[in-house]
Amino acid sequence: MKGLRVILFPVPLQGHINPLIQLADILYYWGFLISIVQTDFNSINPSTYPHSDFHSIPLSLSETDSVTGDVIAFVLKLNSCCTIPFRECFSSILSDPSKSRVACLITDAVLYFTQAVADEFNIRRLALRTSSICSFLAFAALPLLREKCYIPLQESQLEEPIPELAPCKIKDIHMIKTGNPDDIFRFITSMVRGTKASSGVIWNTFEDLERTKLAEFSQEFQVPVFPIVPFHKYCPAFSSSLLEPDESSLSWLDKQATNSVICVSFGSLAVINEKEFREIGWGLVNSKQPFLWVVHPGLVPGAQRLDPLLEGFLQMAGERGRVVKWAPQQAVLAHRATGGFWTHGGWNSTLESICEGLAMICQPVFGDQRVNTRYVSDVWRVGIHLENRIERGEIERAIRRLMAGEEGEEMRGRIWSLKEKGEACLRPGGVSYKSLERLASYISEVLSN
Ligand code: UDP
């Protein structure tokens, strides 16, 4: 692989940037040269990655384009607006005499337009899927679910199971809210087509977690697969954070008892309303458990009175409570004082929790989070699913069950065993490690020719 270059292009959202940058680092350590194309919206600081060569392309977003408001409209826009600038940038890297030979392009599966660009230049493309296989298959099944009349969703049927997607229920279907519901199907059809046309899919998952789903995917998509998770465990600590992580989270954790703290974070995109925010605050305070709570700007859109509310909660919690705008999450979850993680079920957060053997409370908000959560609670049985409305009493009980009850203890036993399986995968000879070796030789010996 000496001198071979790989070009990577992430979706400019935190949960997609992190795994792609981690993958870039892994490939660098395996001897590839790295070029990263990123949009000028949500771009990471190139100086953090001096070994990579960065290229910026414009993404003209208007004032009214809101990522959290309509994710589907955002990704459709990405696929249309980036085509011309990405094509120009890709062409200039390929024709730059100072750059070494390009072996392949790796882009997020969401960026389906890049398949046609790669084909045009006769370069092979690998798709990176940054979420679980179970949620991808559930997403890809939406057209079928519409044919079978599960969609549009009926309020009275939400608790019913979907035999085609067991153990998911109708309420787990990820009908992401969007201005035009047909846009979801347009997006899925294009992403599935782009994935099938790719030269392979890299998964941020591991076989012990999703063996049957991996087999199902391979059968349906007929492309090589490389499950090489957990990405973040291969690389030394680094930061592709778009927000500055508050390092004081760690010094605060240093002062807490071992396994006593519940960490709370709903990722970068999920939003809640002010009433839900209050219930969470009361639930945390009433649980009497030490907590570290991430409240990033934008978590409660349009809220006017958040600061005084937060101050009130912190006053009641005293030394037991800490709120930060953004945390160094991986380090926080790995800290000896952290005993549980209340998450929205985003895939990176779920994996980071599994890798630290931390049982979870999952409160999915939208998209793949619902399917991930169904697997956390019903298949791997390593977390409590907050399925109903967000209410302080229920939150308090869930925290007690997780942190102090027998049920929590059992979940910890199961997640600890998953953590150990994940670690075994990574060792030389383990399945993820072998998958990574296979990927490196596939890029250098097959794709580059
Ligand atoms: N994250 C972080 N600090 C925070 C909250 C989140 O570093 O305070 C990171 C987290 O470690 C994960 C990513 O942001 O890698 C969130 O990705 P995920 O898939 O969990 O959720 P999303 O933001 O895509 O909904």
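Residues numbered from 1 in each chain as written. Predicted model: local features only at pLDDT ≥ 70, side-chain atom pairs only at ≥ 80, totals over all residues. Heavy atoms only, no water.

Going by an unreviewed UniProt entry, the protein chain carries the name UDP-glycosyltransferase 76B1-like and comes from Punica granatum. Recorded in UniProt under Sequence similarities (unreviewed entry), the annotation for the protein chain is "Belongs to the UDP-glycosyltransferase family." (UniProt positions renumbered as here; feature names shortened; annotations may be inferred.)

1. Some words on the sheet that holds strand S12 (residues 360-362)
Read across the sheet, six strands follow the order S10-S9-S8-S11-S12-S13 without closing on themselves; strand pairing throughout is parallel. Strands with a single pairing partner mark the edges of an open sheet, and in this sheet they are strand S10 (321-324) and strand S13 (383-385). When strand polarity is set aside, the average angle formed by the axes of neighbouring strands in this sheet is 15 degrees. As paired elements, S12 and S13 share three bridges and run parallel to each other. Paired with Cys-362 across the strands is His-385, a residue of S13. (Pairing = 2+ DSSP bridges. Helix = DSSP H or I, 4+ residues; strand = E, 2+ residues; numbered from the N terminus. Axes fitted to C-alpha atoms, helices over the stretch in contact; angles between N-to-C directions.)

2. Quick notes on the site of the ligand
Near the ligand there are 17 residues, and of these Ser-268, Ala-327, Asn-348, Ser-349 and Glu-352 occur at the shortest range. Between the ligand and the protein, one listed contact pairs an oxygen atom with a side-chain N or O atom of Gln-329 at 3.3 Å. Separating an oxygen atom of the ligand from a side-chain N or O atom of Asn-348 is a distance of 2.8 Å. Relative to its unbound accessible area of 540 Å², the ligand is 94% covered by the protein chains. Secondary-structure elements contributing two or more residues to the shell around the ligand are helix H1 (14-29) and helix H13 (347-355). It is H13 that contributes the most residues to the shell around the ligand, four residues altogether. (Near = heavy atom within 4 Å. Polar contact = N/O pair within 3.5 Å; in protein donor to acceptor, adjacent residues only side chain to side chain. Areas by Shrake-Rupley, 256 points an atom, 1.4 Å probe, with all protein chains shown as cover.)

3. A word on helix H3 (residues 83-95)
Relative to the 18 Å expected for 13 residues at 1.5 Å per residue, H3 spans 18 Å between its end C-alpha atoms, a close match to the ideal helical length. Those residues of H3 lying buried are Pro-85, Phe-86, Cys-89, Phe-90 and Ile-93. End-on, the buried residues of H3 take up no more than an arc of 130 degrees, which puts them together on one face. More than 90 degrees from the buried face of H3, the exposed residues found are Ile-84, Glu-88 and Ser-95. For H3, the secondary structure elements touched by its buried residues are strand S1 (5-9), strand S2 (33-39), strand S3 (52-57), helix H2 (71-81), strand S4 (102-108) and helix H4 (113-120). (Expected span 1.5 Å × (residues − 1). Buried < 20%, exposed > 50% of the residue type's maximum accessible area, 1.4 Å probe, protein only. Arc of directions from axis to C-beta. Contact = heavy atoms within 4.5 Å.)

4. Focus on the nonpolar core
Of all hydrophobic cores here, the largest spans 91 residues; its most connected members are Phe-86, Leu-142, Leu-145, Phe-187 and Phe-217. Per element, the largest residue contribution to this core is seven residues, and it comes from helix H5 (residues 133-140). (Core = buried A, V, L, I, M, F, W, Y, C linked by side-chain atoms within 4.5 Å.)

5. Concerning the packing of helix H7 (residues 182-197) against helix H8 (residues 207-221)
Orientation of H7 relative to H8, taken along the N-to-C sense of each, is 85 degrees, at an axis distance of 10 Å. The orientation of H7 relative to H8 falls into the category roughly perpendicular. Seen from H7, the contacting residues are Val-192, Thr-195 and Lys-196; seen from H8, they are Phe-217, Glu-220 and Phe-221. (Parallel < 35°, antiparallel > 145°, perpendicular 65-115°, else oblique.)

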